[in-house]
Number of protein chains: 2
Amino acid sequence: MRFQPYRSPSTGREVRAVLFDTFGTVVDWRTGVGRQAAAFAADRGQKLDAAAFADDWRALYQPAMEAIRTGTRDFATLDTLHRENLDQVLRHHGFNPERLDAEALEELNKSWHRLPPWPDSVEGLAAIRRCYIVGPLSNGNTSLLLFMARNAGLPWDVIIGSDMTRTYKPLPTAYLRTAEFLDLNPGEVMLAAAHNNDLHAARKAGLATAFIARPTEYGPSQTADLVPEGDWDLTASSIPELAGRLGPEPVILQ
Amino acid sequence: MRFQPYRSPSTGREVRAVLFDTFGTVVDWRTGVGRQAAAFAADRGQKLDAAAFADDWRALYQPAMEAIRTGTRDFATLDTLHRENLDQVLRHHGFNPERLDAEALEELNKSWHRLPPWPDSVEGLAAIRRCYIVGPLSNGNTSLLLFMARNAGLPWDVIIGSDMTRTYKPLPTAYLRTAEFLDLNPGEVMLAAAHNNDLHAARKAGLATAFIARPTEYGPSQTADLVPEGDWDLTASSIPELAGRLGPEPVILQ
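Because the structure is a prediction, the values reported are computed rather than measured.

A.B. asks: An account of empty space enclosed by the protein is needed here, citing residue identities and associated values.
C.D. replies: Residue and element names in this part refer to chain B. The tally for this structure, following the rule as stated, stands at two cavities of 30 Å³ or more. The calculated volume of the largest cavity comes to roughly 60 Å³. Among the elements of the structure, helix 8 (162–165) and helix 9 (172–181) are those that each provide at least two residues to the lining of the largest cavity. Broken down by class, the residue content of the lining of the largest cavity amounts to four nonpolar, seven polar and one charged. Taken as a whole, the second largest cavity spans an internal volume of roughly 40 Å³.

A.B. asks: So what's going on with the packing of aromatic side chains? Which residues, and what values?
C.D. replies: Residues and elements named next belong to chain B. Inspection of the entire model under this criterion finds 16 aromatic pairs over all chains. Arranged with centres 5.8 Å apart and planes meeting at 85 degrees, the rings of Phe23 and Trp112 form a pair that is edge-to-face. Here Trp112 lies in the loop between helix 5 (102–109) and helix 6 (121–129) and Phe23 lies in the loop between strand 1 (17–20) and helix 1 (29–43), a separation of 89 residues in the sequence. Here Phe23 falls in the buried class, since its relative accessible area comes to 1%. An angle of 25 degrees between the planes, with centres 6.2 Å apart, marks the rings of Trp29 and Trp112 as stacked. Pair noted here: Trp29 is in helix 1 and Trp112 is in the loop between helix 5 and helix 6, with a separation of 83 residues, a long-range link.

A.B. asks: Describe in detail the packing of helix 3 (residues 61–69) of chain A against helix 4 (residues 78–92) of chain A, supporting the description with residues and values.
C.D. replies: Packed helix pairs are characterised by how far apart their axes lie and by the angle those axes make with each other. Residues and elements named next belong to chain A. The geometry of helix 3 relative to helix 4 is characterised by a closest axis approach of 10 Å and an angle of 125 degrees between their N-to-C directions. By the angle between their axes, helix 3 is oblique relative to helix 4. Considering only the axes of helix 3 and helix 4, their crossing is right-handed. Of helix 4, the residues touching helix 3 (which contributes Tyr61, Ala64, Met65 and Ile68) are Leu78, Leu81, His82 and Asn85.

A.B. asks: Can you lay out the pairing of strand 2 (residues 133–136) of chain A for me, pointing to particular residues and giving the numbers?
C.D. replies: Residues and elements named next belong to chain A. Neither face of strand 2 is exposed, since Ile133 and Gly135 on one face and Val134 and Pro136 on the opposite face are all buried. Relative to strand 2, strand 1 (residues 17–20) is paired through four bridges, and the arrangement is parallel. By the bridge assignment, Ala17 is partnered in strand 2 with Ile133.

A.B. asks: Describe the pattern of salt bridges, listing the residues and the values that go with them.
C.D. replies: Pairing is possible between side chains that carry opposite charge, provided their charged atoms lie close to one another. All names here are of chain A. Within this structure, the stated rule accounts for 28 salt bridges over all chains. Arg203 is the partner of Asp231 in a salt bridge, and the nearest nitrogen-oxygen pair spans 2.6 Å. Taken together, the positions of Asp231 in the loop between strand 4 (208–212) and strand 5 (234–236) and Arg203 in helix 10 (residues 196–204) put the pair 28 residues apart, joining distant regions of the chain. On the basis of relative accessibility, which here comes to 60%, the residue Asp231 falls in the exposed class. The partly exposed category is assigned to Arg203, whose relative accessible area is 24%. Ionic contacts of the salt-bridge type, sharing partners, join the residues Asp21, Lys169 and Asp198 into one network.

A.B. asks: If you had to explain the side chain of Asp163 of chain B to someone new, which residues and values would you point to?
C.D. replies: All names here are of chain B. In this fold, Asp163 is placed in helix 8. For Asp163, which is buried and forms no salt bridge, the nearest opposite charge comes from Arg166, at a distance of 6.6 Å. A distance of 2.7 Å separates a polar atom in the side chain of Asp163 from a polar atom in the side chain of Thr142.

A.B. asks: So what's going on with the relation of the copies chain A and chain B? Which residues, and what values?
C.D. replies: A rotation about an axis combined with a shift along that same axis relates the two copies of the chain. Here chain A sits on chain B after a turn of 180 degrees about the axis and a move of 0.0 Å along it, with an RMSD of 0.0 Å. This pairing of chains is accounted for by a two-fold axis. A shared binding surface is used by both copies, with 100% of the interface residues of chain A retained as interface residues in chain B.

A.B. asks: Residue-level account of the sheet that holds strand 4 of chain A, with values.
C.D. replies: All names here are of chain A. Sheet architecture is open: five strands sit in the order 2-1-3-4-5, paired in parallel fashion. Edge strands, defined here as strands with exactly one partner in the open sheet, are strand 2 and strand 5. The average angle at which neighbouring strand axes cross in this sheet is 20 degrees, direction not considered. Helix-sheet contacts for helix 10 involve strand 3 (189–193) and strand 4, and the interaxial angle to strand 4 is about 170 degrees.

A.B. asks: I'd like to hear about the sheet that holds strand 4 (residues 208–212) of chain B, residue by residue, with values.
C.D. replies: Strands pair in a sheet through their backbones, by hydrogen bonds, and they do so in one of two ways: parallel or antiparallel. Residue and element names in this part refer to chain B. Pairing within the open sheet is parallel, and its five strands lie in the order 2-1-3-4-5. Among the strands making up the open sheet, the edge pair consists of strand 2 (133–136) and strand 5 (234–236). With direction set aside, neighbouring strand axes in the sheet form an average angle of 20 degrees. Two strands pair when backbone bridges link them, and strand 4 and strand 5 are joined in this way by three bridges, in the parallel orientation. Note on strand 5: the bridge partner recorded for Ile212 is Ala236.

Thresholds applied
Residues numbered from 1 in each chain as written. Chains lettered and ligands numbered in written order. Predicted model: local features only at pLDDT ≥ 70, side-chain atom pairs only at ≥ 80, totals over all residues. Heavy atoms only, no water. 1 Å grid on protein atoms, 1.4 Å probe; cavity = no way out; pocket = protein on both sides within 12 Å on 5 of 7 lines; lining within 4 Å. Points joined across faces, edges and corners; volume = space filled by probe spheres on them. Helix = DSSP H or I, 4+ residues; strand = E, 2+ residues; numbered from the N terminus. Nonpolar A, V, L, I, M, F, W, Y, C, P; charged D, E, K, R; others polar. Phe/Tyr/Trp six-rings, centres within 6.5 Å; stacked < 30°, edge-to-face > 60°. Buried < 20%, exposed > 50% of the residue type's maximum accessible area, 1.4 Å probe, protein only. Axes fitted to C-alpha atoms, helices over the stretch in contact; angles between N-to-C directions. Parallel < 35°, antiparallel > 145°, perpendicular 65-115°, else oblique. Left-handed = near helix turned anticlockwise from the far one by under 90°. Contact = heavy atoms within 4.5 Å. Pairing = 2+ DSSP bridges. Salt bridge = Lys/Arg side-chain N within 4 Å of Asp/Glu carboxyl O. Lys, Arg positive; Asp, Glu negative; His and termini not counted. Polar contact = N/O pair within 3.5 Å; in protein donor to acceptor, adjacent residues only side chain to side chain. Least-squares fit on C-alpha atoms with pLDDT ≥ 70 in both.

Set out below in structure tokens:
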């Protein structure tokens, strides 16, 4: 089966693979991490502010990667960075991590492996997969993304984790090495993301771009990334809508 | 959903991922490459011995990888090695590659991306995937294995190509780095293969092992790998049979 793929105006290329930022674009990390942290606290007879806990943990994500991006630290996986940051977040929320069971903390760290997809994600990815390669283009490591996919039912064709490119977005190599593993020209790869800065970096690296609005990723009072802030190739409010914009029903050529 | 996974007697571990050798174990390269080479020749008004062409091309596979294994050559992908070897095979079969269109040769090289699965493969992988992570553990590069999977409908959870481990089986690092990307102990990973030497190497590296008999991989007069030549954890004559041996219907614990 062949079909007429979407041609990106910005790269001048037909798109072969649509790769997704995951945290926030495909899965709802705030609800998922918050719920699991609250359950962890409840098991220990404590209460915590689930959304604040998730927000605080997530807030340590960029600084932790930055040390690796700038070369002051060797590559370490996102699982490792999350685990280091967890201790700090626990203390901030009144827990002493040294008094908690190491195995239980490891399990809590894996809450990032068990995140609910946005309600449209699985259906949308399956639709796009009919005609395009689909995969994550995430700062998550391969095993994290794999277990996330199994838990959430995300129908990826391929998972190229940041431990394979050994770098973190938004450095250009994160995008370019991913395209290289796929043996595709960067312009044949589209990044779909809910974050304008990710799309800016992808475009600079030569990728096609699609904005997917996720206006409640950071809760009801989110102020950033509500609208596209660039002339991205495509804009959609859900992944099925992106599937529609990638083309009408495919033209079967053969 | 949790279930009681298969415990490997040789590793003493519960298996979490079942990874497959691909060429010969999951797909029938001899029929697939032979058919495409014959079509290539027919398009040019020529005839060729399809099975001999496939056998000759495949015979150059081990020597090409050996230069990389021994360190006399930097890592190069299997697509690259296949393309280099193709010129030699074409000459041997009466074609001058320098007189053939480069793009057509590139297409012929991609015949390794378009191989038919054995009749039981897709059903068997889907059955195993219900309870285990499934993926290839192959000397193929990621893009080759990805396009093969899309063409043959192989339901992999994850594809860790030899360009990610940057080494070739049967070197131990090929098995060990794959387990590392999955964040699993080697003993939690099972290699399923139709080749005893692959299983010997996997066992040495600490993996669980399963032999799948593919007695016509090399045609009707195959003499090697007809039977298991080690006390592998499991032996089966098809992938669905392996699915059965990995356990009866899973015991749902929760």
